[in-house]
Amino acid sequence: MKTADAIVAEWRDKAGSIYLKEELDQREGLVREILELKKEKNAIILGHNYMTPDVYHGISDFIGDSLELARRSRDTEADIILFNGVHFMAETAKILNPERKVLIADLKAGCSLAESMTGEDVRNLRKKFPGVPIVSYINCTAEVKTEVDIICTSANAVKIVESLPSDTVLVVPDGYLAQNIQKHTKKKIIPWAGKCMVHELYTEFDVDVARKSFPDAKIIAHPECKEKVTAKVDFTGSTSQMGKYIRESKANQVLLMTECSMGDNLRAEFPEVTFISSCQTCPHMKKITLEKVRDALKYERFEISLSEDTIRRGRASLDRMLAIV
Ligand code: 13P
Ligand code: SF4
């Protein structure tokens, strides 16, 4: 078990890749309080890759993409799970481990994709396309999870679609993820028109300019970007797969088309790689701050609560995915 001093030293080292020494000095007390509270309350912190470096390093017990964090939340025996990410991720943790108290530091940390579709929208799609299986991206509300057949994430979307015994598949709510899946399957994909407000901002023109300006850089995008964008980049994958690609390709120069903190966190992990900034900020992810994390643990807020029926039906869709990948 690492001591608090060792964790703080690691936090200073990693978060130090973007913060000034004075800023680290100001925040160090909060980090120590958070470490104490975690111990006192038998709590764990799950941190999504888009958390700012001060919230991500040191204080997180596990960091990762949506799929990895869903698995971690299912498997923990801690009394409290504090999810540093957005609301649908905390809801997913509650569905997968309903015995635990699941907290999120700011209830307004939402997601434009999750907000683009309701359970009623799914029921209407079923009526319109009877017999066609419905896959939902994990970036959806718990209510949508109860209505669909199976969940996928950015790390496994094609595999999930391919696993279904049907030539036609509905993919909701992300229309661009659906476009990107279509490129890799012979099945007919029927999309919903949801968009990530961060990734939709990238255009193919951005990739052309980046290529001309930085011919040696590996360009990496998230599958929430338009297909016209992903068609031109070197690699498309989930937030954790981006790190894996950088490691395996031994890239020297990287340009990321994704959320800003991803680059900051990868810069700390790969100090030898030059990261060219081309990022967009997710205002939802940025709602999670060190102060709010401390308060969430101190006052055990804000708790995610879901009905038994939502948990049971949402769990069925998630379990079908987890049985495949
Ligand atoms: P990942 O599952 O790839 O981490 O993506 C989550 C997300 O919200 C990206 O915008
Ligand atoms: Fe949602 Fe996009 Fe923010 Fe991810 S980056 S949480 S998909 S709005």
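Residues numbered from 1 in each chain as written. Chains lettered and ligands numbered in written order. Predicted model: local features only at pLDDT ≥ 70, side-chain atom pairs only at ≥ 80, totals over all residues. Heavy atoms only, no water.

Trainee: So what exactly am I meant to see when it comes to unusual backbone geometry here?
Mentor: Leaving glycine out, the prevailing phi sign among residues is negative, and the prevailing peptide bond configuration is trans. Backbone torsion omega between V172 and P173 reads -15 degrees, so that peptide bond is classified as cis. Inspection of the secondary structure assignment puts P173 in the loop between β7 (168-172) and α9 (175-182). A cis amide bond links R301 with the next residue in sequence, F302, at an omega value of -5 degrees. Here F302 is to be found in the loop between α14 (290-299) and α15 (308-324). In this structure, N42 is a non-glycine residue whose phi angle is positive, near 50 degrees. (Helix = DSSP H or I, 4+ residues; strand = E, 2+ residues; numbered from the N terminus.)

Trainee: Just checking my understanding: could you explain the sheet that holds strand β4 (residues 101-103) for this structure?
Mentor: Whether parallel or antiparallel, the strands of a sheet pair through hydrogen bonds between backbone atoms. What the 4 strands build is an open sheet, ordered β2-β1-β3-β4; its pairing is parallel. The open sheet is flanked by β2 (62-64) and β4, the only strands paired with a single partner. Between one strand axis and the next, the sheet turns by 20 degrees as a mean value, whatever way the strands run. Note: strand β1 (residues 43-48) against β2, 3 bridges, orientation parallel. Considered in β2, the bridge of G47 is made with I63. Where α14 meets the sheet, its contacts fall on β1, β3 (80-84) and β4, and the angle it forms with β3 comes to roughly 160 degrees. (Pairing = 2+ DSSP bridges. Axes fitted to C-alpha atoms, helices over the stretch in contact; angles between N-to-C directions. Contact = heavy atoms within 4.5 Å.)

Trainee: Which parts of the structure should I look at to understand helix α1 (residues 4-15)?
Mentor: Side chains of residues three or four places apart in an α-helix project in the same direction, reflecting 3.6 residues per turn. Between its terminal C-alpha atoms α1 stretches 16 Å, which fits the 16 Å expected from 12 residues at 1.5 Å a residue. Where α1 is concerned, the buried positions are I7, V8, W11 and A15. End-on view of α1: buried residues confined to an arc of 100 degrees, all on one side of the axis. Turned more than 90 degrees from where α1 packs its buried face, D5 and D13 sit exposed. (Expected span 1.5 Å × (residues − 1). Buried < 20%, exposed > 50% of the residue type's maximum accessible area, 1.4 Å probe, protein only. Arc of directions from axis to C-beta.)

Trainee: Mind showing me how you'd approach the site of ligand 1 here?
Mentor: For ligand 1, the full set of nearby residues is H48, Y50, D65, S66, Y137, N139, S154, H199, H222, E224, S238 and T239. A distance of 2.6 Å is found between an oxygen atom of ligand 1 and a side-chain nitrogen or oxygen belonging to S154. Measuring from an oxygen atom of ligand 1, one finds a side-chain N or O atom of H222 at 2.8 Å. For ligand 1, whose free accessible area comes to 300 Å², the fraction covered by protein is 96%. Residue composition of the shell around ligand 1, grouped by class: 2 nonpolar, 8 polar and 2 charged. (Near = heavy atom within 4 Å. Polar contact = N/O pair within 3.5 Å; in protein donor to acceptor, adjacent residues only side chain to side chain. Areas by Shrake-Rupley, 256 points an atom, 1.4 Å probe, with all protein chains shown as cover. Nonpolar A, V, L, I, M, F, W, Y, C, P; charged D, E, K, R; others polar.)

Trainee: What is the right way to read the pairing of strand β8 (residues 188-191) from this model?
Mentor: Both faces of the sheet carry side chains from a regular strand, because those side chains alternate between them. Bridge count between β7 and β8: 4 bridges; the pairing is parallel. Bridge assignment links T168 to a residue of β8, and that residue is K188. Chirality of the crossover, the property in question, places the unit of β7, α9 and β8 among those that are right-handed. (Right-handed = clockwise from strand over helix to strand, strands pointing away.)

Trainee: Help me understand the environment of C111 in this model?
Mentor: As for its position among the elements, C111 is in the loop between β4 and α6 (119-128). C111 sits in the buried class, given a relative accessible area of 11%. Distance from C111 to E23, taken between C-alpha atoms, is 29 Å for residues 88 residues apart in sequence. What C111 contacts, discounting residues up to four positions off in sequence, is F88, N139 and H284.

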